[in-house]
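Tertiary structure, described
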Amino acid sequence: MKKHSPHSTFSMSKIYCSVFGHNYKISKRVTHHINEYTCSHCKEQITTNSNGKLEILTPKLKEINQALEFVHAKKQAKKRNQITQFQSAS
């Protein structure tokens, strides 16, 4: 009896990507310079690492990106608050 694992499935999209290359689209903007990308054919996910290179999105990198997104959003909110306080004081 054959056992099927999730990694042994035949997929035309994976063959297409292996022949012609991936077609990555931005799926999530983490910060201004870090993004998460998803291939429109095979749904492979990658992200930008600390050196600016593309790397496969692992659960650890996904967790790091969530933390970065939280810190970045908090910093942007603080920056916006300071700008509005400066404008109201003028």
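Small disclaimer: the values here were computed from a predicted structure and weren't measured. (Residues numbered from 1 in each chain as written. Predicted model: local features only at pLDDT ≥ 70, side-chain atom pairs only at ≥ 80, totals over all residues. Heavy atoms only, no water.)

**A closer look at the overall build of the protein**
Each helix and strand counted, the protein has two helices and four strands in total. Counting helices and strands in the order they occur from the N terminus, the protein gives α-β-β-β-β-α. Sorting the 90 residues of the protein into buried and exposed places 20% on the buried side. Look at the contacts in the protein between residues 6 or more apart in sequence, and 25% of them connect residues 24 or more apart. Working note: accessible area of the protein is about 7600 Å², and carbon and sulfur atoms make up 58% of it. (Helix = DSSP H or I, 4+ residues; strand = E, 2+ residues; numbered from the N terminus. Buried < 20%, exposed > 50% of the residue type's maximum accessible area, 1.4 Å probe, protein only. Contact = heavy atoms within 4.5 Å. Areas by Shrake-Rupley, 256 points an atom, 1.4 Å probe, with all protein chains shown as cover.)

**A few points about the environment of Ile 46**
With respect to the helices and strands, Ile 46 occurs in strand E3 (residues 45-48). Put simply, Ile 46 and Thr 58 are 12 residues apart on the chain and 8.3 Å apart in space, counted from C-alpha to C-alpha. Discounting residues that sit within four places of it in the chain, Ile 46 has contacts with Tyr 24, Asn 35, Glu 36, Tyr 37, Leu 54, Glu 55, Ile 56 and Leu 57.

**A word on the sheet that holds strand E4 (residues 54-56)**
As summarised here, the arrangement of the four strands in space is E1-E2-E3-E4, forming an open sheet in which the pairing is antiparallel. Taken across any chain shown, the strands that pair with only one partner, and hence form the sheet edges, are strand E1 (24-29) and E4. Sheet twist, expressed as the mean angle between neighbouring strand axes with direction ignored, is 35 degrees. Inspection of the sheet shows E3 paired to E4 by three bridges, in the antiparallel sense. Across the sheet, the residue bridging to Thr 48 is Leu 54, located in E4. (Pairing = 2+ DSSP bridges. Axes fitted to C-alpha atoms, helices over the stretch in contact; angles between N-to-C directions.)

**A closer look at the pattern of salt bridges**
Proximity of charged atoms lets side chains of opposite charge pair with each other. Within this structure, the stated rule accounts for one salt bridge. For the salt bridge of Lys 28 with Glu 69, the shortest nitrogen-to-oxygen distance reads 3.2 Å. In this pair, Lys 28 sits in strand E1 while Glu 69 sits in helix H2 (residues 59-89), placing the two residues 41 residues apart along the sequence. Overall, Lys 28 belongs to the partly exposed group, its relative accessible area being 26%. (Salt bridge = Lys/Arg side-chain N within 4 Å of Asp/Glu carboxyl O.)

**Structural notes on the packing of aromatic side chains**
Within the structure shown, the criterion is met by one aromatic pair. An angle of 45 degrees between the planes, with centres 4.9 Å apart, marks the rings of Tyr 16 and Phe 20 as tilted. Of this pair, Tyr 16 and Phe 20 both sit in helix H1 (residues 12-20), four residues apart, which is roughly one turn of the helix. (Phe/Tyr/Trp six-rings, centres within 6.5 Å; stacked < 30°, edge-to-face > 60°.)

**Thoughts on the pairing of E3**
Two strands pair when backbone bridges link them, and strand E2 (residues 35-39) and E3 are joined in this way by three bridges, in the antiparallel orientation. Bridge pairing in E3 places Tyr 37 opposite Ile 46. In sequence, E2 turns back onto E3 through a hairpin of five residues, with Lys 43 there showing a positive phi of about 65 degrees.

**Points about a nonpolar patch on the surface**
A cluster of nonpolar side chains, namely Met 12, Ile 15, Tyr 16, Val 19 and Phe 20, defines an oily patch on the protein surface of about 550 Å² accessible area. Residue Phe 20 is classed as exposed on the basis of its relative accessible area of 63%. (Patch = residues over 30% accessible without salt bridge, like charges linked within 9 Å, V, L, I, M, F, W, Y side chains within 5 Å.)

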